[in-house]
Amino acid sequence: MIRENVDGQSRGIFRFMRPEMYFGKVAHAEIDAPSAYVLTNDNQVICHGLTARDYRTKKDFGRRLIGVDAQQRMLVSPVFSPHVVNEECIYFGGMTNFGHFIFQGLLRLALLGWAPKLRSLPIAVHEGMPARYYEFLDILGLPAERRIAIPNASPTQFAAVWLLSSPFYRDQHRSVMLWPEAVWAIRAATAHMLNSVSSKRTRLFIPRGRAKWRRVTNESEITRILTARGVETIDLESMSAADQIRSVSNAELIVSVNGAGSAITMFAPVDCVQMQFVLPEFIGSFGTRGFAADLSQPYFKVVGRIASEAEVRAADLEHRA
């Protein structure tokens with residue numbers, strides 16, 4: 001759970017639920033990309049605990065959903081992808097969104113610590129992710145020679161594939177599920193890269209910058225105010241994976257705007273104060289908020305408002321990608 005401080009005042013407690021984690025082997029299965037749903041050779045679907053949001057399964061499958069069986073299991077029409085992986089492997093998949101790559105992808109690799117027999121298997125990874133995403137896999141001991149490239153926008157058929165459940169997701173009841181051991185395991189695996197908190201502590205601002213969504217109209221003004229208070233603005237997209245981890249590893253304060261980049265706070269010290277700008281009614285549990293709960297970091301959020309069309313135009317954000 002996390003005690004939320006909004007605009008300087010405590011506003012109650014948000015609770016995370018603990019999921020039941022699992023790993024399992026499936027034979028002759030098709031995995032749909034990018035959803036990561038698994039279709040067995042008898043048209044059954046395995047998805048619970050594997051995706052970011054279990055509750056959207058029917059919507060995400062769309063036209064491929066052909067009904068349910070007597071046990072209310074979904075039935076989906078297969079695609080029979082020409083892309084086949086015959087080597088036994090672990091399914092990782094991949095995401096272009098940095099936040100999802102961290103909480104939906106990287107965290108599940110922590111399960112390998114509880115499954116030593118799987119550690120020697122290759123992992124199936126999507127093509128086309130940003131280069132620094134593969135750098136994170138390198139850091140965790142999964143270099144290119146351990147990876148099998150698979151398409152990122154079409155299904156792949158597997159002769160034998162191991163599935164690792166997700167440590168951080170919303171279940172069918174929309175409860176936020178978080179397995180704390182995953183966060184600590186990934187932190188431990190990267191501990192050799194961290195800067196000492198006994199050295200000069202940094203204060204950082206992670207802006208939205210060129211992001212497509214939830215950009216801030218007065219970001220330049222926020223940057224000016226924070227700079228005057230010793231807060232450095234960092235551009236995560238221009239940094240390597242190692243530099244991203246090192247940059248936050250001895251921070252005493254991180255200010256972020258709710259979005260994908262805020263997931264990097266998973267590598268911040270446990271005493272690092274997290275301050276986050278959020279939209280009204282926007283929950284955003286999978287980044288800073290969730291990691292702060294797991295790491296017991298002080299968490300504060302500043303609630304903004306939806307900008308008017310005129311304000312968006314004045315900030316020159318209307319057509320910027």
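Residues numbered from 1 in each chain as written. Predicted model: local features only at pLDDT ≥ 70, side-chain atom pairs only at ≥ 80, totals over all residues. Heavy atoms only, no water.

Draft legend 1. Inspection of the overall build of the chain at higher detail. A tally of helices and strands in the chain yields 8 helices and 19 strands. Out of the 321 residues in the chain, the part that is buried amounts to 49%. Intrachain contacts of the chain at a sequence separation of at least 6 include 71% that bridge at least 24 residues. Surface summary for the chain: the accessible area is close to 15,700 Å², and the carbon and sulfur share equals 53%. (Helix = DSSP H or I, 4+ residues; strand = E, 2+ residues; numbered from the N terminus. Buried < 20%, exposed > 50% of the residue type's maximum accessible area, 1.4 Å probe, protein only. Contact = heavy atoms within 4.5 Å. Areas by Shrake-Rupley, 256 points an atom, 1.4 Å probe, with all protein chains shown as cover.)

Draft legend 2. Here's a closer look at the pattern of salt bridges. In this structure the tally under the stated criterion is 7 salt bridges. Across the salt bridge formed by E181 and R18, the nearest N and O atoms sit 2.5 Å from each other. Pair noted here: E181 is in helix α4 (residues 180-189) and R18 is in the loop between β2 (9-14) and β3 (23-31), with a separation of 163 residues, a long-range link. (Salt bridge = Lys/Arg side-chain N within 4 Å of Asp/Glu carboxyl O.)

Draft legend 3. Representation of the pairing of strand β11 (residues 147-150) in the model. Where strand β10 (residues 123-126) and β11 come together, 4 bridges link them in parallel fashion. If you follow I123 over to β11, its bridge partner there is R147. Handedness of the β-α-β unit built from β10, helix α3 (residues 131-139) and β11 comes out right-handed. (Pairing = 2+ DSSP bridges. Right-handed = clockwise from strand over helix to strand, strands pointing away.)

Draft legend 4. Main features of unusual backbone geometry. Here the phi dihedral of H28 falls at roughly 50°; this positive angle occurs in a residue that is not glycine. Structurally, H28 is set in strand β3. For H28, a relative accessible area of 53% gives the class exposed. Even without being a glycine, R174 presents a positive backbone phi close to 65°. As for its position among the elements, R174 is in the loop between β13 (168-170) and β14 (176-178). Overall, the relative accessible area of 53% leaves R174 in the exposed class.

Draft legend 5. Broad picture of α4. Among the residues making up α4, those that are buried are A182, V183, I186 and R187. Projection of α4 onto a plane perpendicular to its axis shows the buried side chains occupying an angular sector of 130°, all on one side. Next to the buried residues of α4 lie β14 and α7 (288-295). (Arc of directions from axis to C-beta.)

Draft legend 6. Representation of the nonpolar core within the structure. Membership of the largest hydrophobic core comes to 57 residues, with the highest contact counts inside it found for I102, L107, F136, L137, F168 and F291. With residues up to four places along the chain from it excluded, the contact list for L137 reads F92, L106, L109, I123, V125, L142, P143 and R147. Formed by 15 residues, the second largest nonpolar core is a distinct cluster that contains V38, V85, I150 and L163. (Core = buried A, V, L, I, M, F, W, Y, C linked by side-chain atoms within 4.5 Å.)

Draft legend 7. A look at the confidence of the model for the chain. Across the chain, the average pLDDT comes to 85, with 89% of residues at or above 70. Mean pLDDT per element in the chain: strand β1 (residues 2-6) is the minimum at 60, and β11 is the maximum at 97. (pLDDT = per-residue confidence, 0-100.)

Draft legend 8. Fine view of the environment of D294. Position of D294 among the secondary structure elements: in helix α7. For D294, the contacting residues outside a window of four places in its chain are L178, P180, V183 and W184.

Draft legend 9. Structural detail: the environment of G67. Its place among the elements puts G67 in strand β6 (residues 65-68). Take G67: its relative accessible area is 24%, and that puts it in the partly exposed class. Sequence separation between G67 and S77 is 10 residues; the distance between their C-alpha atoms is 9.5 Å. Excluding its chain neighbours within four sequence positions, the residues that come into contact with G67 are R73, M74 and L75.

Draft legend 10. Just the packing of aromatic side chains, in detail. Taken as a whole, this structure holds 12 aromatic pairs when the rule is applied. For the pair F101 and Y133, a centre-to-centre distance of 4.6 Å together with 25° between the ring planes defines the contact as stacked. Of this pair, F101 sits in helix α2 (residues 98-105) while Y133 sits in helix α3, and the two are 32 residues apart along the sequence. With a relative accessible area of 0%, F101 lands in the buried category. Classification of Y133 by relative accessible area gives buried; the value is 2%. When the centroid spacing of 5.8 Å and the interplanar angle of 75° are considered together, the rings of F103 and F168 count as edge-to-face. Remark: F168 occurs in strand β13 and F103 occurs in helix α2; sequence separation between them is 65 residues. An aromatic cluster is present here, built from F92, F98, F101, Y133, F136 and F267 joined pairwise through their rings. For R187, the ring lying beneath its charged end belongs to W184, and the centroid distance is 5.3 Å. (Phe/Tyr/Trp six-rings, centres within 6.5 Å; stacked < 30°, edge-to-face > 60°. Lys NZ or Arg CZ within 6 Å of the ring centre and 35° of its normal.)

Draft legend 11. Spotlight on α2. Within α2, 7 of the 8 residues are buried, which leaves it mostly tucked inside the rest of the structure. What α2 keeps buried is the set F98, G99, F101, I102, F103, Q104 and G105. The elements touched by buried residues of α2 are β9 (89-93), α3, β13, α6 (241-248) and α7. Where α2 begins, one side-chain oxygen reaches toward the backbone nitrogen of G99, 2.9 Å away; that side chain belongs to N97. (Polar contact = N/O pair within 3.5 Å; in protein donor to acceptor, adjacent residues only side chain to side chain.)

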